[in-house]
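# Chain and residue survey
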Amino acid sequence: MPSRRAVDPAELRAAVLEVGSWLLGDTDEQPARAQLAAAVRLSARTLEQVAPGSSVEVRVPPFVAVQCIAGPRHTRGTPPNVVETDPKTWLLLVTGLLEFDDASARGDVTASGSRAGEISHWLPLLSVQQR
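Here is a short report on the structure shown in this document. Here the structure is a predicted model, which is why all the values come from computation and not from measurement. (Residues numbered from 1 in each chain as written. Predicted model: local features only at pLDDT ≥ 70, side-chain atom pairs only at ≥ 80, totals over all residues. Heavy atoms only, no water.)

### Comments concerning unusual backbone geometry
What counts here: Put simply, DSSP H or I for four residues or longer makes a helix, DSSP E for two residues or longer makes a strand, and each gets a number counted from the N terminus.
Following proline 61, the chain continues to proline 62 via a peptide bond in cis, the omega torsion being 5 degrees. Structurally, proline 62 can be placed in the loop between β1 (56-60) and β2 (64-68). The amide bond that connects leucine 123 to the next residue, proline 124, takes the cis arrangement and shows omega of 0 degrees. You can see proline 124 is positioned in the segment after β4 (109-112). A positive phi is found at isoleucine 69, a non-glycine position, where the angle reads about 70 degrees. Locating isoleucine 69 in the fold gives a position in the loop between β2 and β3 (82-85).

Shown next as structure tokens:
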């Protein structure tokens, strides 16, 4: 399988800033699906690049699933270490507007497996200006 093209940090920043007012709560109107998908996919693929490996699978349905963090490789069935969340929660984590432990405690993130929580070491990936 060919490797993905590297995510340009400027492209990631632009995609996340397009949905920034929604993340900051300045608007209740959800961004267009294409805008939301771009921000989620680029941020997850950035995590995949900065924390290469295959020991944890991060899922943000319906947009993306990536494997990251060095360790034992998983190839079949359900991975032993999985983090799953919705697009808005993921982007809040990516931007540092929400802490991983807080999101997990609220039930906004499902983290299973002994290594799933290690993604918190790699977050946030970038910041958006708060009010």
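### Comments concerning the packing of helix α1 (residues 9-18) against helix α3 (residues 33-50)
The condition that has to hold: Here the axes come from fitting lines to C-alpha atoms, over the contacting stretch only for helices, and the angles between their N-to-C directions go from 0 to 180 degrees. Relative orientations are named as follows: roughly parallel for angles under 35 degrees, roughly antiparallel for angles over 145 degrees, roughly perpendicular for angles from 65 to 115 degrees, and oblique for any other angle. By definition, turning the near helix anticlockwise from the far helix through less than a right angle yields a left-handed crossing, and turning it clockwise yields a right-handed one. Only heavy atoms matter for contacts: two residues are in contact if any of them lie within 4.5 Å across the pair. Amino acid classes used here: Ala, Val, Leu, Ile, Met, Phe, Trp, Tyr, Cys and Pro are nonpolar; Asp, Glu, Lys and Arg are charged; the rest, including Gly, are polar.
Between α1 and α3, the shortest axis-to-axis distance is 8 Å and the interhelical angle comes to 140 degrees. Judged by the inter-axis angle, α1 sits oblique to α3. Crossing of α1 over α3 shows left-handed handedness. Contacts from Glu11, Leu12, Ala15, Val16 and Glu18 of α1 reach α3 at Gln35, Ala38, Ala39, Leu42, Ser43 and Thr46. Here the contact of α1 with α3 is composed, by residue class, of six nonpolar, three polar and two charged.

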